[in-house]
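Summary of the model geometry
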Amino acid sequence: MSALKDKLRADLTTAMKARDTDTSATLRMIMTAIGNAEVAGKEKVELTDEQVLGVLTTEAKKRREAAAAFDEAGRTEMAEKERTELAVIVTYLPEQLSTEEIAKIVADAIEKTGAAAEGPRAMGKVMGVVQPQVKGRADGGAVAAEVKKQLSA
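Residues numbered from 1 in each chain as written. Predicted model: local features only at pLDDT ≥ 70, side-chain atom pairs only at ≥ 80, totals over all residues. Heavy atoms only, no water.

1. What about helix H4 (residues 76-90)?
Think of an α-helix as 3.6 residues a turn; residues three or four steps apart then line up on the same face. The end-to-end C-alpha distance of H4 is 20 Å, a good match for the 21 Å that 15 residues give at a rise of 1.5 Å each. Those residues of H4 that fall on the buried side of the exposure criterion are Ala79, Glu82, Glu85, Leu86, Val88 and Ile89. The elements touched by buried residues of H4 are helix H2 (21-38) and helix H3 (49-72). (Helix = DSSP H or I, 4+ residues; strand = E, 2+ residues; numbered from the N terminus. Expected span 1.5 Å × (residues − 1). Buried < 20%, exposed > 50% of the residue type's maximum accessible area, 1.4 Å probe, protein only. Contact = heavy atoms within 4.5 Å.)

2. Remarks on the packing of helix H1 (residues 3-17) against H2
Packing of H1 against H2 brings their axes to within 9 Å, and their N-to-C directions diverge by 150°. By the criterion of interaxial angle, the relationship of H1 to H2 is roughly antiparallel. Relative to H2, the crossing made by H1 is left-handed. Side by side, H1 and H2 meet where Lys5, Leu8, Arg9, Asp11, Leu12, Ala15 and Met16 of the first sit next to Thr23, Ser24, Leu27, Arg28, Ile30, Met31, Ile34 and Glu38 of the second. Residues belonging to the contact of H1 with H2 are distributed by class as follows: eight nonpolar, two polar and five charged. (Axes fitted to C-alpha atoms, helices over the stretch in contact; angles between N-to-C directions. Parallel < 35°, antiparallel > 145°, perpendicular 65-115°, else oblique. Left-handed = near helix turned anticlockwise from the far one by under 90°. Nonpolar A, V, L, I, M, F, W, Y, C, P; charged D, E, K, R; others polar.)

3. Comments concerning helix H6 (residues 123-134)
A rise of 1.5 Å per residue sets the reference length of H6, with its 12 residues, at 16 Å; its end C-alpha atoms lie 16 Å apart and thus fit the reference within 8%. When H6 is considered as a whole, its buried residues turn out to be Val126, Met127, Val130 and Val134. For H6, the arc enclosing every buried residue in end-on projection is 95°, short of the 170-degree limit, so these residues lie on one face. Exposed positions of H6 whose direction lies more than 90 degrees from the buried face are Gly124 and Pro132. Here the buried face of H6 lies against helix H5 (99-113) and helix H7 (140-152). Of the residues trailing H6, Gly136 is marked for its positive phi of about 80°. (Arc of directions from axis to C-beta.)

This is the structure:
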């Protein structure tokens with residue numbers, strides 16, 4: 001069993017005992033998402049820590065997008081609820097890379113692949129090198145934007 005999944009389950013129990021409704025509701029939602037991912041294929045599988053991290057990353061992205069959508073619609077109370085859930089999820093994710101760190105990783109990947117000469121057409125090649133390095137530590141959209149920016153320059 002995944003150590004991260006065990007930690008989530010233990011933290012859920014702690015939050016329930018402390019009557020922390022926001023945290024317990026969010027952790028229940030995450031555990032449900034993990035359970036759904038485990039039974040999504042033809043047969044039930046036990047997720048590894050890396051796969052659980054992928055589920056957490058997806059859930060965090062959903063919360064960010066929902067909060068932005070609620071803000072645009074003027075639904076500030078719903079946006080705050082999404083941000084509260086995001087704050088709980090982020091505590092289980094690895095430390096996020098800064099913009100400068102992402103830029104350096106992208107620049108190194110462009111140099112390594114020799115993609116600078118090809119320009120924006122080489123985006124897939126560069127993303128293939130960058131993604132394993134930033135997985136779970138940076139938003140894919142931010143990474144793609146940085147790759148596009150550096151290849152266009």
